[in-house]
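What follows is each chain in one-letter form.
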Amino acid sequence: MKRILCFIALSAIAVQAREAKLVRYPTYSSGKVAFTYLADLWVADENGQNVKRLTAHPARDMYPSFSPDGKWIAFSSDRNGNADVFVVATDGGQPKQLTYHSAADNVLGWSPDGKFVLFASNRGDDFAGKLYTVPAEGGMERAVGVDMGLYGSFSPDGKKLAYNQKSQAYWRKYYRGSSQSDVMLMDVATRKFTQLTDFDGMDTWPMYARDGYVYFVSDRDGNGVTNIWRVSEKGGKAEKVTQFTSGDVRWPSISADGKTIVFEKDFGISKLDLASRRVTPVKVDISAEIQDNLTEVRGFNSRLDDWSLAPSGARIVFSTHGEIFSAPVEEGDLIQITDSSARDRDPLYSPDGKMVAFVSDRNGREEIYVVAASGGAQPEKITDSDTLKNSMVWSPDSKDIAFTTSENKLYRYTLATKQTTELTSSKYGAVGGVRWSPDGKWLAYGKQDISRQSDIYLIPSAGGQERKVTFDSYNEGVPRFSPDGQTLFFFRSTAVGQGSLVNNTGATQLYAMMLEKQDKDPTEPEEKGSEPVNAEPRRPERPAAPKVLNIDWDGLKRRTWQVTRMPFGVMNYEIAPDSKTVVFSTSEPGATRPTPVIYSIQSDGKRLSRITGGVAGGDEGGGEGPRGGGGGFRGMQLAISRDGRTLFFEEGGSVWNVSM
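What counts as what
- Residues numbered from 1 in each chain as written.
- Predicted model: local features only at pLDDT ≥ 70, side-chain atom pairs only at ≥ 80, totals over all residues.
- Heavy atoms only, no water.
- Helix = DSSP H or I, 4+ residues; strand = E, 2+ residues; numbered from the N terminus.
- Buried < 20%, exposed > 50% of the residue type's maximum accessible area, 1.4 Å probe, protein only.
- Contact = heavy atoms within 4.5 Å.
- Pairing = 2+ DSSP bridges.
- Core = buried A, V, L, I, M, F, W, Y, C linked by side-chain atoms within 4.5 Å.
- Phe/Tyr/Trp six-rings, centres within 6.5 Å; stacked < 30°, edge-to-face > 60°.
- Lys NZ or Arg CZ within 6 Å of the ring centre and 35° of its normal.
- 1 Å grid on protein atoms, 1.4 Å probe; cavity = no way out; pocket = protein on both sides within 12 Å on 5 of 7 lines; lining within 4 Å.
- Points joined across faces, edges and corners; volume = space filled by probe spheres on them.
- Salt bridge = Lys/Arg side-chain N within 4 Å of Asp/Glu carboxyl O.
- Polar contact = N/O pair within 3.5 Å; in protein donor to acceptor, adjacent residues only side chain to side chain.
- Nonpolar A, V, L, I, M, F, W, Y, C, P; charged D, E, K, R; others polar.

A. Expanded view of the overall build of the chain. A count of helical and extended segments in the chain gives 0 helices and 54 strands. Here the chain, with 660 residues, has 52% of them falling under the buried criterion. Pairs at least 24 apart in sequence give 41% of the contacts found in the chain among residues at least 6 apart.

As structure tokens, this is what we get:
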């Protein structure tokens, strides 16, 4: 067995901007603003001047909050593995850790006397998180008394707490569901609870002010834009405070004197003066060294995402970290085919070996490109549709590409004329598993019907009427023609309601169908004495030239038979050039989990032979298996050389070959 190695070094250069963007979680006190940037805490004057870095740690420091006297900043940090509560002096110094629980502790603010830090945490006491306080000098944390809570703010006298019991994700637009947030009010002494708002959307981040109002963020305008609103602590109708018509207000914080609210908007900080209701952007210019090097060099040793075997069997083309390369199977040079900031994936050799088709988002959305397999050329975009490209396959003469999209349609693109033709579509699910017949006249694919059961269809590659060729009430898909064009193989799953043709229950097996009329049943036993008793497994024969396919539509069901009968489901398969040998992957019971294995079998269901076994995937600790990866035939992709003597397969992020 041989492993195909490749090494690539990629470098990326980070470019610094003058004005800091993605400045997050602002807090305000006496003319100063503290915030998170580059995962560290910073403090600056409210005009953006005198910027000072308070923390410099590889971990993430977040949710800063000024103490009422402005001398301390409480914040959350995952520097010890998960988010805990810390405090640091406003002038800088060594942060002091206050909580040590394994749950995430997210800082919300302070008690009005500055003795306690308020934070939210889901510590497993109930199905939802709760609000807690911890002494700023250190000590045991205590629950504040609400049954569940996510955000909260104390009244100026500390006798009441405005809070959200729950909340939807702040970035989710137009949410109207069971996790919507309302502003609640708790009397700390009597444990009396009052609901201040009753809106079926977002009323989040309550902030108790000194004017008798609770301020909060809401999308109740109905246009998806969030603004700051307020409601009296006694209840009543909510009043709109800011008048934004675009963008979002996020992560607001009110000052201890109740006069100023700062918040995130448009990737920066804005300041709201409550008396005048004037909003002022706080522009912060930062020129600082980041924690990581500006130039990063990474080595990728036999770690690929997608791959395709060249028709000659001498090279493979593969994608890794968004770039496409060509590597030799034996000896030769590594060739980089694409080099861009986009993600290039799913490379596929043309049958003549001259071109590579791939999917890329380099123009802002997924499109199919073709490029010379030798490298050095500029890729050419061949599609122009705002859909995801699910799969593609070259025609046998390398002149056309058939592909499917997320709009459940099958297309054919002709390279010479640059024309795209829609061949078929589905109202009930994706069109998948597309394959060309060897003569290039037909396309086979799977498509769901109104009952959501998948069947196999054939359609002329030039366009025309599609014909259903499977007729049982099971899920059938992943069709493939034999190289001689006479047999159509496919998966059939007898499982009910599983919705997938790939599983480990044994329900998915391989079937075959003779497309042309036959004089003899292909599954009939051979005549006695036609083969030695202890015959070795047949070595695949050289492929015969495909002939024009003449399909006998009337007898298809009668000429269908089951090829595999494995205890576990068949996961993928490939047909050898002799059109008689089928290689497939499945699994076998292991010590802790199933182990992937590859078998070969004849098309008549005989001569089952084990080719190789893999390593059980998903072992704890992520350690590397004997073949340099986490184990398992990830992607389950198989390929057979043109002479039928070598099998290629993927395991642990590497491509391997083994003699058949």
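And the narrative resumes.
B. Structural detail: the environment of Lys-21. Examined against the element boundaries, Lys-21 turns out to sit in the loop between strand 2 (7-13) and strand 3 (24-29). Taking relative accessible area as the criterion, Lys-21 reaches 42% and is therefore assigned partly exposed. Placed 17 residues apart in sequence, Lys-21 and Leu-38 show a C-alpha to C-alpha distance of 9.8 Å.

C. Region of interest: the sheet that holds strand 41 (residues 442-448). Strand order in the open sheet made by the 4 strands is 40-41-42-43, with antiparallel pairing throughout. Of all strands in the sheet, those with a lone pairing partner are strand 40 (432-436) and strand 43 (467-468), marking the two edges. For strand 42 (residues 454-460) and strand 43, the ladder comprises 2 bridges, and the chain directions are antiparallel. Note that in strand 43 the partner of Leu-458 across the bridge is Arg-467.

D. The arrangement of the pairing of strand 38 (residues 409-414) in detail. Summarising burial for strand 38: 5 of the 6 residues are buried, a large majority. Relative to strand 38, strand 37 (residues 400-405) is paired through 5 bridges, and the arrangement is antiparallel. From the neighbouring strand, Ile-401 faces strand 38, where its bridge partner is Tyr-413. With 6 bridges joining them, strand 38 and strand 39 (residues 419-425) adopt antiparallel strand pairing. Paired with Lys-409 across the two strands is Ser-425, which belongs to strand 39. The turn joining strand 38 and strand 39, which pair antiparallel and follow one another in sequence, is formed by 4 residues; a positive phi near 60° is taken by Lys-418.

E. Structural view of the nonpolar core. Counting 33 residues, the largest nonpolar core has Val-85, Val-117, Tyr-215, Ile-228, Ile-261, Phe-263 and Leu-272 as its most contacted members. In this structure, Val-85 is in contact with Phe-75, Lys-96, Gln-97, Leu-98, Thr-99, Asp-105, Val-107, Val-117, Phe-119 and Val-134, ignoring residues within four places of it in sequence. By size, the runner-up hydrophobic cluster in this structure holds 16 residues, among which are Phe-491, Ala-512, Phe-584 and Tyr-599.

F. Region of the structure containing the packing of aromatic side chains. Using the criterion set out here, one finds 20 aromatic pairs in the structure. A centroid spacing of 6.1 Å and a plane angle of 70° characterise the contact between Phe-244 and Phe-263, whose relative ring orientation is edge-to-face. Taken together, the residues Phe-244 in the loop between strand 22 (239-240) and strand 23 (250-254) and Phe-263 in strand 24 (residues 260-265) connect sequence positions 19 residues apart. The same class applies to Phe-244 as to Phe-263, namely buried. Above the face of the Tyr-213 ring, Arg-230 is positioned so that its terminal group lies 3.7 Å from the ring centre. One residue, Arg-362, lies across the ring of Tyr-369, its end atom 5.4 Å from the ring centre.

G. Broad picture of the side chain of Ser-319. Assignment of secondary structure puts Ser-319 in strand 29 (residues 315-320). With relative accessibility at 1%, the residue Ser-319 sits in the buried group. The contact partners of Ser-319, leaving out residues within four places of it in the chain, are Leu-304, Asp-305, Asp-306, Ile-324, Asp-344, Arg-345, Asp-346 and Pro-347.

H. Highlighting the layout of surface pockets. Quantified by volume, the second largest pocket comes out at close to 670 Å³. Considering the residues around the second largest pocket, the lining is formed by 36 residues, among which Ser-65, Leu-108, Gly-109, Ser-253 and Ile-254 are closest to the centre. Elements represented by at least two residues in the lining of the second largest pocket include exactly strand 3, strand 7 (61-66), strand 11 (105-110), strand 15 (151-154), strand 19 (203-208) and strand 23. The greatest single-element share of the lining of the second largest pocket, amounting to 5 residues, is contributed by strand 3.

I. Representation of the pairing of strand 23. Most of strand 23 is tucked away, with 4 of its 5 residues classed as buried. Two elements, strand 23 and strand 24, share 3 bridges in a ladder whose sense is antiparallel. Considered in strand 24, the bridge of Ile-254 is made with Ile-261. Once strand 23 ends, the chain turns through 5 residues before running back antiparallel as strand 24, passing Gly-258 with a positive phi of about 70°.

J. Summary view of the pattern of salt bridges. Inspection of the entire model under this criterion finds 35 salt bridges. Residues Glu-366 and Arg-345 are paired through a salt bridge, measuring 2.8 Å at the closest nitrogen-oxygen approach. Pair noted here: Glu-366 is in the loop between strand 33 (355-360) and strand 34 (367-372) and Arg-345 is in strand 32 (residues 344-349), with a separation of 21 residues, a long-range link. Here Glu-366 falls in the buried class, since its relative accessible area comes to 18%. On the basis of relative accessible area, Arg-345 is assigned to the buried category, the value being 12%. Overlapping salt bridges, with partners in common, bring together Arg-365, Glu-367, Lys-381, Asp-384 and Lys-389 in one network.

K. Expanded view of the side chain of Asp-578. Mapped onto the elements, Asp-578 comes out in the loop between strand 48 (572-575) and strand 49 (581-588). Engagement of the side chain of Asp-578 in a polar contact is seen with the side chain of Thr-581, the distance being 3.0 Å.

L. Molecular detail of empty space enclosed by the protein. Enumeration over the complete set of coordinates arrives at 4 cavities of 30 Å³ or more. Counted as a void, the largest cavity has a volume near 60 Å³. Looking at the largest cavity, the residues that line it are Gln-168, Tyr-170, Trp-171, Arg-172, Lys-173, Tyr-174, Met-202, Asp-219, Gly-224, Thr-226 and Asp-248. Along the lines of polarity and charge, the residues of the lining of the largest cavity split into 4 nonpolar, 3 polar and 4 charged.

M. Local environment of the sheet that holds strand 29. The antiparallel open sheet is built from 4 strands, whose spatial order is 28-29-30-31. A strand with exactly one partner marks an edge of an open sheet, and here the two such strands are strand 28 (306-309) and strand 31 (335-336). In this structure, strand 29 lies alongside strand 30 (residues 323-328), joined through 6 bridges in antiparallel fashion. Counted as the bridge partner of Thr-320 is Glu-323 from strand 30.

N. Structural detail: the environment of Leu-54. In this structure, Leu-54 sits in the loop between strand 6 (52-53) and strand 7. Each C-alpha atom, one on Leu-54 and one on Gly-93, is 7.4 Å from the other, the two residues being 39 residues apart in sequence. Non-local contacts of Leu-54, meaning those with residues more than four positions away in its chain, are made with Leu-41, Trp-42, Val-43, Ile-73, Ala-89, Thr-90, Asp-91 and Gly-92.

O. How the structure looks around the environment of Gly-258. Examined against the element boundaries, Gly-258 turns out to sit in the loop between strand 23 and strand 24. The exposure class assigned to Gly-258 is buried, which follows from its relative accessible area of 13%. For the pair Gly-258 and Asp-211, spaced 47 residues apart in sequence, the C-alpha separation works out to 7.7 Å.

Function cannot be inferred from these measures alone, as they are strictly geometric.
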